[in-house]
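# Summary of the model geometry
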Amino acid sequence: MEIELIALAFIVIGAIAQTVLQYCAKILQATEPITFDAKYAATLIIAIILTISGALAVFMVWPIPVGLPVAYIIAAAFLAGFAVNVGTNLTLNTYQGIQEKKQGA
């Protein structure tokens, strides 16, 4: 059970890292000071919930093999959290863009 907790922790860390990375990118690209957009916090929470739920379902069907190096598990979990957060952000940004186009038309 210990290895599953490590995996869940690194899933959350991966999702947080992606949010921090996007915020830092916005700061670097901005020409004027910006404030933290609440949608990043919302997508972070959604991504963490989706990834943990998915991971728990996967752990029930396919347990993590005994003897697998911890570095592999950490890398896979980190990337899973990062990827789900990217997908969540892209989906939300696309939806918001479509809504703005509809209102502008």
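Residues numbered from 1 in each chain as written. Predicted model: local features only at pLDDT ≥ 70, side-chain atom pairs only at ≥ 80, totals over all residues. Heavy atoms only, no water.

Bringing helix H3 (residues 70–104) into the picture now. Taking 1.5 Å per residue as the helical rise, H3 with its 35 residues ought to reach 51 Å, and the 51 Å between its terminal C-alpha atoms agrees with that figure. Within H3 the residues assigned to the buried category are Ile-73, Ala-77, Gly-81, Asn-85, Thr-88 and Asn-89. Elements that come into contact with the buried residues of H3 comprise helix H1 (2–29) and helix H2 (38–61). (Helix = DSSP H or I, 4+ residues; strand = E, 2+ residues; numbered from the N terminus. Expected span 1.5 Å × (residues − 1). Buried < 20%, exposed > 50% of the residue type's maximum accessible area, 1.4 Å probe, protein only. Contact = heavy atoms within 4.5 Å.)

In this section: the packing of H2 against H3. Close contact between H2 and H3 brings their axes to 9 Å; oriented N to C, the two are set at 130°. The orientation of H2 with respect to H3, classified from their angle, is oblique. Judged by the sense of rotation from one axis to the other, the crossing of H2 with H3 is right-handed. The segment H2 lies against H3, with Lys-39, Tyr-40, Thr-43, Leu-44, Ile-46, Ala-47, Leu-50 and Thr-51 engaging Ala-80, Gly-81, Val-84, Asn-85, Thr-88, Asn-89, Leu-92, Asn-93 and Gln-96. Among the residues making up the contact of H2 with H3, the classes are represented as 8 nonpolar, 8 polar and 1 charged. (Axes fitted to C-alpha atoms, helices over the stretch in contact; angles between N-to-C directions. Parallel < 35°, antiparallel > 145°, perpendicular 65-115°, else oblique. Left-handed = near helix turned anticlockwise from the far one by under 90°. Nonpolar A, V, L, I, M, F, W, Y, C, P; charged D, E, K, R; others polar.)

For the rest of this paragraph, the subject is the nonpolar core. Counting 8 residues, the largest nonpolar core is built from Ala-7, Leu-8, Ile-11, Ala-55, Phe-59, Ile-64, Ile-73 and Ala-77. Looking at this core, the elements with two or more residues in it are H1, H2 and H3. Take this core: its biggest share by element is 3 residues, from H1. In contact with Ile-73, not counting residues within four places along its chain, are Ile-3, Ala-7, Ile-64 and Leu-68. (Core = buried A, V, L, I, M, F, W, Y, C linked by side-chain atoms within 4.5 Å.)

Within the secondary structure, Asn-89 is located in helix H3. Not counting residues within four places of it along the chain, the set of residues in contact with Asn-89 comprises Gln-18, Gln-22, Tyr-40 and Thr-43.

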